[in-house]
Amino acid sequence: MITVSDDPIDVEMALGSGGLSCPRCSARLVPWGSARPRLIRHDIEGPRVVRAYRPRRARCSGCRVTHVLLDVRLASRRADAAEVIAASVERKVALGWGHRRIGAWLGRPETTVRGWLRAFARSASRIVEGFTALVVRDAPDAVTIWPRPSGSLLAAALSALHAYAEALGRRFGVIGIVAWVRAGIAATDAGLFSSRWVAGAQHELALPPVRLAG
Ligand SMILES: [Zn+2]
């Protein structure tokens, strides 16, 4: 799984020009058909919005492993867009809402929301650790954007993600535009909200091969 731009033309151009490389061996990726289609719910408030996606697949010209190229708006193994999950995490952290209230607000099953919140809680300490390290690496002189002290582990994780998004924004000159969820999804190759990442399958955060602004 590799996180890529949400613009399919950007992805095709990057694939065609050798702009994407294998996370395992760094060799060039070449087009390799498409992954299975999936339906993703996007609505946060208002009527249901479901969009169909058919992610591009690429194959490594070196180790020959195939990779699914997942749009930065999507979270690995989830039927809802990353922004929807992010909104529920924010409600939980900022307003103390539980999974029942968030489920009613979003029009999603309580069990689905509980799964998102539990996955985020389980990975909270890794998020704090991993994203604080990325802030140190990417913006060592920007003391003002270090994660702010927080009351809970969940709040600390969200704060670390905000700080990393702000660091990326400064690096690319798009202050205030990089959303924490896009930065987090890109840095974890879509695993931010999944047990795949929590399980430690990925020991180091991936560099974001994605245009984050816009
Ligand atoms: Zn490879």
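Residues numbered from 1 in each chain as written. Predicted model: local features only at pLDDT ≥ 70, side-chain atom pairs only at ≥ 80, totals over all residues. Heavy atoms only, no water.

A. Broad picture of the coordination of the zinc ion. Taken together, the protein donors to the zinc ion comprise Cys22 (SG), Cys25 (SG), Cys60 (SG) and Cys63 (SG), at separations of 2.3 Å. Classification of the site at the zinc ion as tetrahedral follows from its four donor atoms and the range of 93 to 119° in their angles at the metal. Along the chain, the residues donating to the zinc ion are arranged with the sequence spacing C-x2-C-x34-C-x2-C. Of this pair, Cys22 sits in the loop between α1 (8–16) and β2 (29–34) while Cys60 sits in strand β5 (residues 56–60), placing them 38 residues apart in sequence. Owing to a relative accessible area of 2%, Cys22 belongs among the buried residues under this scheme. Relative accessible area serves as the criterion here: at 1%, Cys60 is assigned to the buried category. (Donors = N, O, S within 2.8 Å, 3.2 Å for Na, K, Ca; no water. Tetrahedral: all angles 85-135°; square planar, octahedral: opposite > 155°, others 65-115°. Helix = DSSP H or I, 4+ residues; strand = E, 2+ residues; numbered from the N terminus. Buried < 20%, exposed > 50% of the residue type's maximum accessible area, 1.4 Å probe, protein only.)

B. Spatial organisation of the packing of aromatic side chains. Taken as a whole and judged by the stated rule, the model has four aromatic pairs. Between Phe120 and Phe193, the aromatic rings sit 6.3 Å apart at their centres with planes inclined by 40°, giving tilted as the arrangement. Remark: Phe193 occurs in the loop between α6 (180–187) and α7 (195–198) and Phe120 occurs in helix α4 (residues 110–138); sequence separation between them is 73 residues. Given the relative accessible area of 1%, Phe193 is considered buried. These aromatic residues form a ring-pair network of at least three members: Phe120, Trp180 and Phe193. Over the face of the ring belonging to Trp32 we find Arg59, whose NZ or CZ atom lies 4.3 Å from the ring centre. Between Arg91 and the ring centre of Trp97, over which it is positioned, the NZ or CZ distance is 5.2 Å. (Phe/Tyr/Trp six-rings, centres within 6.5 Å; stacked < 30°, edge-to-face > 60°. Lys NZ or Arg CZ within 6 Å of the ring centre and 35° of its normal.)

C. A look at the layout of surface pockets. Its volume calculated, the largest pocket comes out at about 230 Å³. The wall of the largest pocket is formed by 16 residues, among which Pro8, Arg54, Pro55, Arg56 and Asp71 lie closest to the centre. If you list the elements that add at least two residues to the lining of the largest pocket, you get α1 and β6 (66–71). Residue composition of the lining of the largest pocket, grouped by class: eight nonpolar, one polar and seven charged. (1 Å grid on protein atoms, 1.4 Å probe; cavity = no way out; pocket = protein on both sides within 12 Å on 5 of 7 lines; lining within 4 Å. Points joined across faces, edges and corners; volume = space filled by probe spheres on them. Nonpolar A, V, L, I, M, F, W, Y, C, P; charged D, E, K, R; others polar.)

D. Main features of the pattern of salt bridges. Taken as a whole and judged by the stated rule, the model has nine salt bridges. Here Arg41 makes a salt bridge to Asp80, at a shortest N to O gap of 2.7 Å. Taken together, the residues Arg41 in strand β3 (residues 38–41) and Asp80 in the loop between β6 and α2 (82–95) connect sequence positions 39 residues apart. Connected through shared salt-bridge partners, Arg41, Asp43, Arg48, Asp80 and Arg108 make up one network. (Salt bridge = Lys/Arg side-chain N within 4 Å of Asp/Glu carboxyl O.)

E. Seen up close, the sheet that holds strand β1 (residues 2–4). Across the sheet, four strands lie side by side as β1-β6-β5-β2; this open sheet has mixed pairing. Each edge of the sheet is formed by a strand with only one pairing partner; in this case those strands are β1 and β2. Sheet twist, expressed as the average angle between the axes of neighbouring strands with direction ignored, equals 40°. Summarising the sheet, β2 and β5 pair through four bridges and their orientation is antiparallel. Looking at the pairing, Leu29 lines up with Cys60 of β5. (Pairing = 2+ DSSP bridges. Axes fitted to C-alpha atoms, helices over the stretch in contact; angles between N-to-C directions.)

F. Quick peek at the packing of helix α5 (residues 153–171) against α6. Following both chains from N to C, one finds α5 and α6 inclined at 90°, their axes separated by 8 Å at the closest point. For the element pair α5 / α6, the angle class is roughly perpendicular. Facing Leu158, Leu161, His162, Tyr164, Ala165 and Leu168 of α5, the residues of α6 in contact are Trp180, Ala183, Gly184 and Ala187. Looking at the contact of α5 with α6 residue by residue, the class counts come to eight nonpolar, two polar and no charged. (Parallel < 35°, antiparallel > 145°, perpendicular 65-115°, else oblique. Contact = heavy atoms within 4.5 Å.)

G. View of the side chain of Arg38. Within the secondary structure, Arg38 is located in strand β3. The charged side chain of Arg38 is buried without a salt bridge, its nearest counter-charge being Asp71 at 10 Å. The contact partners of Arg38, leaving out residues within four places of it in the chain, are Arg51, Ala52, Tyr53, Pro55, Val68 and Leu70. (Lys, Arg positive; Asp, Glu negative; His and termini not counted.)

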